[in-house]
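Now for the letters of each chain:
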Amino acid sequence: MSIFKDKQYLRVNVDSAPDDSLWMKCKSCGELVFKRRVRENNNICPSCGEYFFLTVKERIDMLVDEGTFDNISKSIEASDPLHFVDRKSYQDRIAQAQGITGLPDALVVGRARIDGMPVILGVMDFRFIGGSMGSVMGEQICHGMETAVGDHCPFILVSSSGGARLQEGLFSLMQMAKTTTVRARLAEAGLPFISIMTYPTSGGVQASIASLGDIIIAERGAMIGFAGRRVIQFTIAQELPDNYQTDEFAFEHGAIDRVVQRAHMREELSSLLGFFVGAA
Amino acid sequence: MSDERTLDLLETKIGELRQLNSIDGIDLSGEIDKLEAKLEALRRELYSSLSDWERVKIARNPKRPYALDYIDAMFTGFYELHGDRLFGDDRALLAGLAQFNGRTVMLVAQQKGRTTEENQERFFGMTRPQGYRKAIRAMRMAERFGFPVITLIDTPGAYPGVESEAANIGGAIAESLLTMSQLRTPIISVIIGEGGSGGALAIGLADRVLMLENAVYSVITPEGAAAILWKEKGKSAEAAAALNLTAEHLSDLGLIDAIIAEPLGGAHKDFDQTTQALKQSLVSFLDELEALTMDELLDARFDRYRSIGSYQELGTSRVAILEENPPQVEPDISKISAEDGSKKPSADAPVE
């Protein structure tokens, strides 16, 4: 054993990004990159290829025919059934998340067309309390699937969620049961459900609706898994492989059908839907 | 709960006095009666005002009866079925046939261990993918033969290790939920101890959900919620209270159907009384469910889960709708600005 302890270097923030809104520093590779180029590149770092989050609007614009998205989300928001307060009240968290995202909750669902083919599309926004599934998201997903049954068209869900929303307690857990129960109606109606898993798809969302797609596609860079790294290290302190819960890990172990780059997701969906048109 | 030790001590002493009392020529019955009255009073005082966090501790008390104790006490001829026919056999989740009140039932039950050895075998009651897949297999078989399914829930959660994830634990839970939502036979679930999140719900999508008085059922453990939301380990008691995880709270919220009364101090204090109450409740719920046609049963199950949730009409003044207020178009780099210096923040950060 060394008698000298490892030197502890003071971490100094040398973030030298110029105070210029045209540029941003990628925190993955540290490069200064031109914001417009990032945007043109589907929110992927042009230097290292790191995927950044998409807003719901960006995601929808990227996937569907221009101008075809019709937001059919029910006009509802969280009601705080437990009057939950941790360091902050749940109501404050909701208001804050609504302010940041401009959304009532973490999922938007609507009618749209992809290369002319009608679909119902649900998209989660991770910035809204971690994309967590509470009563509102559960209801919107069910509403989306039921609309798909009514319209007789496929249902597509783009997940980006840490799991169940803790602040609604067991109500949130029950959304796993709720969405699963309604998912069966799509199957009965002979309608395909395409589940797209992005960074991250985990916890109660991964352990229910997202894992029940007829076809499951991961976006490159997705994190897919049930219990987060910290949970594992906290409960059983197990060594984790480097690629743990990555898209690659899920693919290798047979949990998903394909891994697709963000820029190719739209054409992927289009060709996939082609198999079901006429059938649907 | 340090007072519980006082109660235990007093109980032991009374036992010793009783032994002395049986020796010829010594009469201690007066003293014994007095001490017993005292014990009863203390017990009442302690257990009449339990906090939610104290209930969590009772629910996890290793003296508490486990699934096999209930199976032995309430069912006859338990014939255990092993293996998921795909990979292995999970000893933390048991499945098997048994006789109950004149009919054959399929039991699916989570089993914890008491000794270190038992816990190694039972993985501390944490179910693995092969456990849920065994449950699915058993439930499908029950459906084929028209046996009602009774599930006994007692788990800290699904096993979160690498091998679990490699075998798609999330997918296994989802499959189990889907199976139960469609299963054409009555299902009753009883939370007998710990109802730990998705790992519990995975065998808990049922026509009737019962909870023992001191059982808990939660989206996350109080410790987990404290770490994630309060960011302080010492806040488990606050988290337990905030989560509304007791049988009483969940009954008030309309999320469970019945509470099975336990004797003062917990089910282990008078197991006979507990099993009598549970058996009675199971019999009447089974009768009720078996009186329905299969379509009625499935429709009622659908309606039950389709309607679960609590939300309100959107206050239009508070929220700008997507079209009116497009979200910021700045590339969002929050994904890679982890506090802990790792490349990506843990995805379970605010949620479970």
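A quick note: this is a predicted structure, and the numbers were derived from the prediction, not measured.

Criteria and cut-off values
- Residues numbered from 1 in each chain as written.
- Chains lettered and ligands numbered in written order.
- Predicted model: local features only at pLDDT ≥ 70, side-chain atom pairs only at ≥ 80, totals over all residues.
- Helix = DSSP H or I, 4+ residues; strand = E, 2+ residues; numbered from the N terminus.
- Rg over C-alpha atoms; globule rule 2.2 N^0.38 Å.
- Buried ≥ 20, exposed ≤ 12 C-beta atoms within 10 Å, placed from the backbone.
- Domains from an automatic or database assignment.
- pLDDT = per-residue confidence, 0-100.
- Contact = placed C-beta atoms within 7 Å.
- Core = buried A, V, L, I, M, F, W, Y, C linked by C-beta atoms within 7 Å.
- Nonpolar A, V, L, I, M, F, W, Y, C, P; charged D, E, K, R; others polar.

Participant: I'm lost on the overall build of chain A in this one. Help?
Facilitator: Of the regular secondary structure elements, chain A holds 9 helices and 11 strands. In terms of overall dimensions, chain A is globule-like: its C-alpha atoms have a radius of gyration of 20 Å, near the 19 Å expected for 280 residues. In terms of overall dimensions, chain A has C-alpha extents of about 70 × 45 × 40 Å along its principal axes. Put simply, chain A has 280 residues, and 54% of those count as buried.

Participant: What should I look at first to understand the domain arrangement of chain B in this one?
Facilitator: We note that the domain assignment places domain 1 (2-49) and domain 2 (57-306) within chain B. For domain 1 of chain B and domain 2 of chain B, the distance between their C-alpha centres works out to 35 Å.

Participant: Can you help me understand unusual backbone geometry in this one?
Facilitator: Apart from glycine, the bulk of residues carry a negative phi angle, and the bulk of peptide bonds sit in the trans form. Cis geometry marks the peptide bond from Y199(A) to P200(A); its omega dihedral reads -20°. Mapping P200(A) onto the fold places it in strand 8 (residues 193-202). Unlike most non-glycine residues, D115(A) shows phi in positive territory, near 50°. Residue placement: D115(A) occurs in the loop between strand 5 (107-114) and strand 6 (117-124). In this model, N101(B) sits at a positive phi of 50°, which is unusual for a non-glycine residue. As for its position among the elements, N101(B) is in the loop between strand 2 (93-100) and strand 3 (103-110).

Participant: Explanation requested: the confidence of the model for chain A in the structure shown.
Facilitator: Interpretation of the predicted coordinates at a detailed level should be avoided for regions scoring low in pLDDT. On average, residues of chain A carry a pLDDT of 89, and 92% of them reach 70 or more. Ignoring residues within four places in sequence, the model shows residues 1-19 of chain A, a span with pLDDT below 50, making 6 contacts including any to other chains.

Participant: How do you make sense of the nonpolar core when you look at a structure like this?
Facilitator: For soluble globular proteins, nonpolar side chains are generally found buried alongside one another. In terms of nonpolar packing, the biggest core is built from 169 residues, with L121(A), V108(B) and M139(B) touching the most fellow members. Counting residues per element, this core draws most heavily on helix 5 (residues 169-188) of chain A, at 8 residues. Among all residues touching L121(A), those that are not within four sequence positions of it are I60(A), L63(A), V64(A), V109(A), G110(A), A112(A) and I156(A).

Participant: Teacher, can you tell me more about the domain arrangement of chain A here?
Facilitator: A common way to express how large an interface is: the accessible area buried when the components associate. Residues and elements named next belong to chain A. Once the domains are mapped, chain A shows domain 1 (12-52) and domain 2 (54-276). Centre-to-centre, using C-alpha coordinates, domain 1 lies 27 Å away from domain 2. Tallying the contact residues gives 4 residues for domain 1 and 8 residues for domain 2. In terms of residue class, the side of domain 1 that touches domain 2 is made up of 2 nonpolar, 2 polar and no charged.

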